[in-house]
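Structure at a glance
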Amino acid sequence: MNPARQTERKLIASNKKARHDYTILKTYEAGIVLAGTEVKSLREGRASLVDAFAQEHDGELMLHGLHIAEYGFGSWTNHAPRRTRKLLLRRVEIARILEKTREGGLTLVPLSMYFAGGWAKVELALAKGRKSYDKRQALAQRDADREIARELGRHLKGRTARRG
């Protein structure tokens, strides 16, 4: 096998809003069961994770709300764009995830979808929902950290902060 192919990671779609709406506690990498036309559509980058979430069904994790657009050259073999898809994880990981989600207040949110070594993968996060004031605090903290880093950079370069 080509060594370059093993380390290759091609991003298909990311869920930027998830990092704003949720506090990420732990991330997992999961495989996903796909039909042939879905893979072809993903290679064109035609997917959306906006309303996607994962839930347990009969001891397995299923991804709901993931939109993969129909393949343009597909015929009657084309797939349904928003069908429920099975996630592939080890039994031990699934048991751990389900135990934490049953404790309450935690949910499974897909953060990104990518190809790794030719296989479609989903970065799944165990997350806790943020309230609106938590979101404001996170933004304020990020701005404060950015300002501190800027001042520290100026200080290290020997410049003083310009006030005016």
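For the structure itself, look to the data block above.
Description of the structure in this document. Small disclaimer: the values here were computed from a predicted structure and weren't measured.

This part is about the overall build of the protein. Along the protein, the regular secondary structure elements total five helices and nine strands. Taking 164 residues into account, the globule formula puts the C-alpha radius of gyration at 15 Å, and the protein, at 20 Å, lies well above it. Looking at the protein as a whole, 31% of its 164 residues are labelled buried. Taking the contacts inside the protein whose residues are at least 6 apart along the sequence as the reference set, 68% of them involve residues at least 24 apart. Surface summary for the protein: the accessible area is close to 10800 Å², and the carbon and sulfur share equals 50%.

The subject of this paragraph is the nonpolar core. Ile32, Leu42, Leu61, Leu66, Leu87 and Met113 are the most contacted members of the largest nonpolar core, which totals 27 residues. Elements with a contribution of two residues or more to this core: strand 1 (9-14), strand 2 (22-32), strand 5 (60-64), helix 4 (91-103), strand 8 (106-116) and strand 9 (119-129). If we skip the residues at most four places from it in the chain, Leu42 touches Ile12, Leu34, Ala47, Ile68, Met113, Phe115 and Ala120. Counting five residues, the second largest nonpolar core, distinct from the first, contains Ala18, Val109, Leu111 and Ala125.

The next subject is the environment of Leu25. Among the structural elements, Leu25 can be located in strand 2. Measuring from C-alpha to C-alpha, the distance between Leu25 and Ala13 comes to 21 Å, with twelve residues separating the pair along the chain. In this structure Leu25 touches Leu106, Leu126 and Ala127, once residues within four positions along its chain are discounted.

We now examine the environment of Ala47. Along the chain, the position of Ala47 falls in strand 3 (residues 47-48). The spatial distance from the C-alpha of Ala47 to the C-alpha of Val122 is 12 Å, given a sequence separation of 75 residues.

Our focus in this paragraph is helix 3 (residues 36-43). Those residues of helix 3 lying buried are Thr37, Glu38, Ser41 and Leu42. Seen from one end, helix 3 has its buried residues packed into an arc of 140°, which puts them on one side. Where helix 3 is buried, its residues touch strand 1, strand 3, strand 6 (67-68), strand 7 (85-88), strand 8 and strand 9. Of the residues one or two after helix 3, Gly45 is the one with positive phi, at around 80°.

Attention shifts here to the pairing of strand 7. Residues in a regular strand project their side chains so that they alternate between the two faces of the sheet. Burial along strand 7 is one-sided: the face carrying Arg85 and Leu87 is buried and the face carrying Lys86 and Leu88 is not. Here strand 2 runs beside strand 7; their pairing, made up of two bridges, is antiparallel. Across the sheet, Ile32 pairs through a bridge with Leu87, a residue of strand 7. Here two bridges tie strand 5 to strand 7, and the two strands are oriented antiparallel to one another. Bridged to Leu63 within strand 7 is Arg85.

Now for the pattern of salt bridges. Scanning the entire structure with this criterion turns up eight salt bridges. As a salt-bridge pair, Arg146 and Asp143 come within 3.1 Å of each other at their nearest N and O atoms. Here Arg146 pairs with Asp143, and both are found in helix 5 (residues 132-156), just three residues apart, close to one helical turn. Close ionic contact of Glu151 with Arg154 constitutes a salt bridge, the shortest N to O distance being 3.0 Å. Of this pair, Glu151 and Arg154 both sit in helix 5, three residues apart, which is roughly one turn of the helix.

With that settled, consider unusual backbone geometry. Its identity is not glycine, yet Asp58 carries a phi of approximately 55°, on the positive side. Structurally, Asp58 is set in the loop between strand 4 (53-57) and strand 5.

Cut-off values and rules
- Residues numbered from 1 in each chain as written.
- Predicted model: local features only at pLDDT ≥ 70, side-chain atom pairs only at ≥ 80, totals over all residues.
- Heavy atoms only, no water.
- Helix = DSSP H or I, 4+ residues; strand = E, 2+ residues; numbered from the N terminus.
- Rg over C-alpha atoms; globule rule 2.2 N^0.38 Å.
- Buried < 20%, exposed > 50% of the residue type's maximum accessible area, 1.4 Å probe, protein only.
- Contact = heavy atoms within 4.5 Å.
- Areas by Shrake-Rupley, 256 points an atom, 1.4 Å probe, with all protein chains shown as cover.
- Core = buried A, V, L, I, M, F, W, Y, C linked by side-chain atoms within 4.5 Å.
- Arc of directions from axis to C-beta.
- Pairing = 2+ DSSP bridges.
- Salt bridge = Lys/Arg side-chain N within 4 Å of Asp/Glu carboxyl O.

Function cannot be inferred from these measures alone, as they are strictly geometric.
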